[in-house]
Amino acid sequence: MSYRQDKIFSLPMLHLNQWQFDQQVADVFPDMITRSVPGYSIITSMIGKFSHEFVTSHTYIYDLGCSYGTVTSCIIKNLKATNCTLIAIDNSPAMIAHCKKHLQQVMTYDNNIINIIESDICDVTIVNASMVVLNFTLQFLSLVKRQQILKSIYRGLKPGGVLIVSEKFHFDDHEIQTLFFDMHHNFKLSNGYSRLEINQKRQIIEKVLLTESIENHKKILFAIGFTHVEIWFQYLNFGSLIALKY
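Figured I'd write up the structure that's included with this text. Per chain, residue numbering runs from 1 following the sequence as it is written. Residues qualify for local features only when their pLDDT is at least 70, as the model is predicted, and side-chain atom pairs are given and counted only at 80 or more; totals for whole chains, interfaces and linings, by contrast, use all residues. To get the side-chain values, take all heavy atoms of the structure and skip hydrogens and water.

We now examine a negative patch on the surface. Together, Asp172, Asp173, Glu175 and Glu215 give the surface a local cluster of negative charge. Numbered from the N terminus, helices here are DSSP runs of H or I no shorter than four residues, and strands are runs of E no shorter than two. With respect to the secondary-structure elements, Glu215 resides in helix 8 (residues 214-224). The rule is simple: take the accessible area with a 1.4 Å probe, protein chains only, and divide by the maximum for that residue type; under 20% is buried, over 50% is exposed, in between is partly exposed. With relative accessibility at 56%, the residue Glu215 sits in the exposed group. Like charges are joined within 9 Å and nonpolar side chains (Val, Leu, Ile, Met, Phe, Trp, Tyr) within 5 Å, but only among residues with over 30% relative accessible area and no salt bridge; these make up the patches. For the accessible areas, the method is Shrake-Rupley and the probe is 1.4 Å, while residue cover comes only from the protein chains on display. We count a salt bridge whenever a side-chain nitrogen from Lys or Arg sits within 4 Å of a carboxyl oxygen from Asp or Glu. When charges are counted, Lys and Arg contribute as positive and Asp and Glu as negative, whereas His and the chain ends are disregarded. Charge placement uses NZ in Lys and CZ in Arg. For Asp and Glu, CG and CD serve respectively.

Structure follows, in structure tokens:
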């Protein structure tokens, strides 16, 4: 399936508006995220593999901040459990519209069900869950809301359940932070973005994307009650953690 190319920031902008996952962003999102986030396709594919290992029958699976439903579709392809309900949630109407279109052929698969919901993920009650995914979602929430939603996820996960959290990280070591920042910049240049596009997008998105260190993510997850937490993938300043509840 082909998608429109991201040209949102290709021309100089007199006024840089607040970042939003609006129609303009949603229409080019698959191109934008694969050209901007190192390892994105590996992460989404492996989340599907994790679902094969951890999802149990008669439970719920949550894709919080589902955007196009890429993670949802990877879970579907790998799921061995039966009688599950997969809930894909996003607060962007434009993203939800694309997600429904993307997943319309598999809205019901075997004896499992997919529900696609337009809602604030902070308003969702997690229940009877064997797997919850926050794939580059948590970083757009305030620090207070992050704590609230992680606690809600922990309460709603069944023993043996798994949480996957993918994020952009920052590093306290200044040399490492600078190195990874520069290499990420070069990664985007190599994927066809101009310096103008990179700089304009960065000025907007850095106002709403609040990064934390890997160590702090682990500390928070352990404090909430997860018994095993580790980073399972990292590519420069992007990566993904797994947290297990036992």
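Further notes follow.
Phi at Asn128 is positive, roughly 45 degrees, even though this residue is not glycine. One can find Asn128 in the loop between strand 4 (112-118) and strand 5 (129-135). For Asn128, a relative accessible area of 30% puts it in the partly exposed group. With phi around 55 degrees, Leu236 is a residue other than glycine that occupies positive phi space. If you trace the backbone, Leu236 turns up in the loop between strand 7 (228-235) and strand 8 (238-244).

Another point: helix 6 (residues 174-190). Multiplying one less than the number of residues by 1.5 Å gives the expected span of a helix. Here helix 6 contains 17 residues, and its C-alpha end-to-end distance of 24 Å stays within 8% of the 24 Å for a straight helix at 1.5 Å per residue. Along helix 6, the residues that are buried comprise Phe180, His184, His185, Phe187 and Lys188. Considered in projection along helix 6, the buried side chains sweep an arc of 155 degrees and stay on one side of the axis. Residues His174, Glu175 and Ser190 are exposed on helix 6 and point more than 90 degrees away from its buried face. Contact criterion: two residues are considered in contact whenever any of their non-hydrogen atoms come within 4.5 Å of each other. In this structure, the buried side of helix 6 is in contact with helix 1 (23-36), strand 6 (157-168), helix 7 (195-205), strand 7 and strand 8. Contacts described as polar in this section are N or O atom pairs within 3.5 Å, which, within protein, must combine one atom able to donate a hydrogen with one able to accept it, while residues neighboring in sequence count only if both atoms come from side chains. Where helix 6 begins, the capping side chain belongs to Asp173, and its oxygen is found 3.0 Å from the backbone nitrogen of Glu175. The arc in question is traced by the directions running from the helix axis to the C-beta atoms.

Among the surface-exposed residues, Ile176, Leu179 and Met183 lie close enough to one another that they form a single nonpolar patch of about 230 Å² accessible area. The residue Met183 is located in helix 6 in this model.

Note on definitions: angles span 0 to 180 degrees between N-to-C directions of axes, and those axes are lines fitted to C-alpha atoms, for helices only across the stretch in contact. Interaxial distance between helix 6 and helix 7 falls to 9 Å at its minimum, and their mutual angle equals 125 degrees. With respect to helix 7, the element helix 6 is oriented oblique. As helix 6 runs across helix 7, the sense of the crossing is right-handed. When helix 6 is examined against helix 7, the residues Phe181, His185, Lys188 and Leu189 are found in contact with a partner set consisting of Arg195, Ile198, Asn199 and Arg202. Side-chain classes follow a simple rule in which Ala, Val, Leu, Ile, Met, Phe, Trp, Tyr, Cys and Pro form the nonpolar group, Asp, Glu, Lys and Arg form the charged group, and the remainder, Gly included, forms the polar group. Of the residues contributing to the contact of helix 6 with helix 7, the split by class is three nonpolar, two polar and three charged. Note on angle classes: values under 35 degrees are labelled roughly parallel, values over 145 roughly antiparallel, values of 65 to 115 roughly perpendicular, and the remainder oblique. Should the near helix be turned anticlockwise from the far one by less than a right angle, the crossing is termed left-handed; should it be turned clockwise, right-handed.

With that out of the way, let us pick up the pattern of salt bridges. Summed over all chains, the structure comprises five salt bridges. A salt bridge links Arg146 to Glu212; the shortest N-O distance between them is 2.8 Å. Of this pair, Arg146 sits in helix 5 (residues 143-156) while Glu212 sits in the loop between helix 7 and helix 8, and the two are 66 residues apart along the sequence. Taking relative accessible area as the criterion, Glu212 reaches 8% and is therefore assigned buried.

What follows covers the environment of Ile116. The residue Ile116 is located in strand 4 in this model. For Ile116, a relative accessible area of 11% corresponds to the buried category. Remark: the alpha-carbon pair of Ile116 and Cys99, spanning 17 residues in sequence, is separated by 7.7 Å.

Put simply, helix 1 and helix 6 touch, their axes get as near as 8 Å, and they point 135 degrees apart. Accordingly, the angle class assigned to the pair helix 1 and helix 6 is oblique. Contact residues: Thr34, Arg35 and Ser36 in helix 1; His184, Phe187 and Lys188 in helix 6. Tallied by class, residues from the contact of helix 1 with helix 6 come to one nonpolar, three polar and two charged.

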